[in-house]
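# Observations on the model geometry
What follows is the residue order along each chain.
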Amino acid sequence: MNIIAKKQYGVIGDPISHTQSPAIHKFFAVQLKQDINYKAFHITQHELKNFIHEFQDKGGEGLNITLPHKTAVMEYVDEINPRAERAGAINTLIFNKNKIIGDNTDGIGLINDLEKNFHQKIKNKNVLILGAGGASHGIISPLLERSPSSLTVANRNSSKAINLVSQFQQHPLLNGIGINELDATQTFDIIINATSIGITSKTIDFPSFIISKHSVCYDLSYQMDPTPFMKWCMENNAQCAIQGWGMLIEQASESYYLWRQIKPDTSSLLQQLGINASSQVLRR
Ligand code: ATR
């Protein structure tokens, strides 16, 4: 009889029914022939602290944190790794003996998807992030570390963009402005949608002059079909438009590595999750 209990992992969020994380981690565990349990838990803000401590008391080894708890959870950890500190958010908890350590693998997930899966270099590129909420905050440092020519954060509400970039010690490459202040003569090599547009409204009203035929566009959100942002980019003649499935899979792989010190191979996962490659990326 196997008396060794399976290691416990999970993801917490509110809502949580849409999450693909249990399926992704199950694929990783099967691929690596490891025996783990990974479950989704619907946890409200009110239940957050108790749940984390109960999970720890029961011997849980790791949790992913999704919306809306990525910032709130920073209060409940004993240590925060520097990249989570810089992101202002945690997406991974590591339960290490009596300590809870917070980390963030979202940013490296995006970088891995762009660099490894789509062979896009960020170095020397003009990069635009649309949006100045939590999703935008989390990807600024990892992008800056790749030495783009410039990194512009443009938001509908300009003061939110200015306030966000001010948290990065006047980094010389970083600039925060209103979307309506974007310069009509400047196009961008990489354009990342970190707004909730597409979820909140299907009408995309960003200025089309930001796109050139060389632009690689990336939507951090994802769905089974091409997103409204992807379609808008292609209508405006972008080189290609990608949605965030790869980032989701790559961040999961980095979390798995933090917990189990072995990195799953992500190459066949899209197909295994039933995601059509022709919906994940649109090309001209
Ligand atoms: P998250 O933490 O997921 O980034 P958030 O903090 O609610 O979510 O931020 C949502 C982002 O989407 C904001 O940048 C918001 O712009 P404002 O700060 O100006 O509200 C942006 N956003 C949402 N709907 C938008 C729309 N229709 N057009 C442009 N930006 C939009």
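Residues numbered from 1 in each chain as written. Predicted model: local features only at pLDDT ≥ 70, side-chain atom pairs only at ≥ 80, totals over all residues. Heavy atoms only, no water.

### Some words on the side chain of Ser253
Our working rule: A run of DSSP states H or I qualifies as a helix once it reaches four residues; a run of E qualifies as a strand once it reaches two. Both are numbered from the N-terminal end. Two N or O atoms count as a polar contact when they lie within 3.5 Å, although within protein this holds only if one can serve as hydrogen donor and the other as acceptor, and sequence-adjacent residues are included solely when both atoms are side-chain atoms. Any pair of residues with heavy atoms lying within 4.5 Å of one another is described as a contacting pair.
Its place among the elements puts Ser253 in helix α8 (residues 245-260). A polar contact is formed between the side chain of Ser253 and the backbone oxygen of Pro264, at a distance of 3.4 Å. For Ser253, the contacting residues outside a window of four places in its chain are Phe28, Lys263, Pro264 and Thr266.

### Focus: helix α5 (residues 134-144)
Quick reminder of the rule: We call a residue buried when its accessible area falls under 20% of the maximum for its residue type, exposed when it is over 50%, and partly exposed in between, using a 1.4 Å probe and counting protein chains only.
Taken across its 11 residues, α5 has 9 buried, putting it largely inside the fold. Listed in full, the buried residues belonging to α5 are Ser136, His137, Gly138, Ile139, Ile140, Ser141, Pro142, Leu143 and Leu144.

### Some thoughts on the site of the ligand
Cut-off, in case you're wondering: We call a residue near a given molecule or strand whenever any one of its heavy atoms falls within 4 Å of it. Using a 1.4 Å probe, the Shrake-Rupley method yields the accessible areas, and only the shown protein chains count as cover for residues. In this classification, the charged set is Asp, Glu, Lys and Arg, the nonpolar set is Ala, Val, Leu, Ile, Met, Phe, Trp, Tyr, Cys and Pro, and all remaining amino acids, among them Gly, are polar.
Around the ligand sit 15 residues in total, of which Ala132, Gly134, Asn155, Arg156 and Lys160 are the nearest. Here an oxygen atom of the ligand and a backbone polar atom of Ala132 are 3.0 Å apart. Contacts to the ligand include Arg156, whose side-chain N or O atom sits 2.8 Å from an oxygen atom. Here the ligand loses 73% of its free accessible area of 650 Å² to cover by the protein chains. Of the residues in the shell around the ligand, the class split is 5 nonpolar, 8 polar and 2 charged.

### Observations concerning the domain arrangement of the chain
Put simply, the rule is: What fixes the domain bounds is an automatic or database domain assignment. By convention, the term buried area covers the 1.4 Å-probe accessible surface removed from two parts as they join, with the contributions of both added. The rule for a salt bridge is simple: a side-chain nitrogen of Lys or Arg has to be within 4 Å of a carboxyl oxygen of Asp or Glu.
By domain assignment, the chain separates into domain 1 (7-104) and domain 2 (107-245). The centre of domain 1, based on its C-alpha atoms, is set 27 Å off from the matching centre of domain 2. The interface of domain 1 with domain 2 comprises 6 residues on the first partner and 9 residues on the second. Note on domain 1 versus domain 2: buried area summed over both sides is about 520 Å², and carbon and sulfur give 48% of it. Among the residues domain 1 hides against domain 2, the three largest losses belong to Gln20, Arg86 and Ala87. Together they make up 70% of the total. Summed over the shared surface of domain 1 and domain 2, the result is 1 salt bridge. Here domain 1 is connected to domain 2 by 2 residue pairs in polar contact (both at pLDDT 80 or more). Across the side of domain 1 that touches domain 2, the residue classes tally to 1 nonpolar, 3 polar and 2 charged.

### Remarks on unusual backbone geometry
Leaving glycine aside, a negative phi is the common case for residues, and trans is the common case for peptide bonds. With an omega of 10 degrees, the peptide bond running from Asp14 to Pro15 counts as cis. In this structure, Pro15 sits in the loop between β1 (7-13) and α1 (21-31). Going from Leu67 to Pro68, the amide bond is cis rather than trans, its omega being 5 degrees. Considering the arrangement of structural elements, one finds Pro68 in the loop between β3 (62-65) and β4 (79-80). For His119, which is not glycine, the phi torsion reads 55 degrees and is therefore positive. Inspection of the secondary structure assignment puts His119 in the loop between α4 (106-117) and β7 (126-130). What makes His119 exposed here is its relative accessible area of 64%. For Gln261, which is not a glycine, the phi torsion comes out positive at approximately 55 degrees. Turning to its location among the elements, Gln261 is positioned in the loop between α8 and α9 (269-272). Given the relative accessible area of 58%, Gln261 is considered exposed.

### Looking at the sheet that holds β7
Condition: Any two strands with at least two DSSP bridges between them are considered paired. Between N-to-C directions, angles span 0 to 180 degrees; the directions come from axes that are lines fitted to C-alpha atoms, helices contributing only their stretch in contact.
In space, the 7 strands of this open sheet follow the order β9-β8-β7-β10-β11-β12-β13, with mixed pairing throughout. Of all strands in the sheet, those bounded by a partner on one side alone are β9 (174-178) and β13 (281-283). Across the sheet, the axes of successive neighbouring strands diverge by a mean angle of 15 degrees, strand direction being ignored. As paired elements, strand β12 (residues 240-243) and β13 share 3 bridges and run antiparallel to each other.

### Quick word on the nonpolar core
Rule in force here: Throughout, nonpolar core names a set of buried Ala, Val, Leu, Ile, Met, Phe, Trp, Tyr and Cys residues whose side chains join them through atoms within 4.5 Å.
If you look at the biggest cluster of nonpolar residues, it comprises 29 residues, and the most contacted ones within it are Ile140, Leu143, Val153 and Ile192. Mapped by element, the contributors of at least two residues to this core are α4, β7, α5, β8 (150-155), α6 (158-165), β10 (190-193), β11 (216-219) and β12. For this core, the element with the most residues is α5, which contributes 4 residues. Those residues in contact with Ile192 that lie beyond four places of it in its chain are Leu110, Val127, Leu128, Ile129, Leu130, Ile139, Leu143, Tyr218 and Leu220.

### Topic: the environment of Val153
Mapping Val153 onto the fold places it in strand β8. Using a relative accessible area of 0% as the deciding quantity, one classes Val153 as buried. Sequence separation between Val153 and Ile179 is 26 residues; the distance between their C-alpha atoms is 8.7 Å. Excluding its chain neighbours within four sequence positions, the residues that come into contact with Val153 are Ile129, Gly131, Ala132, Ser136, Ile140, Ala161, Leu164, Val165, Leu174, Asn175, Gly176 and Ile177.

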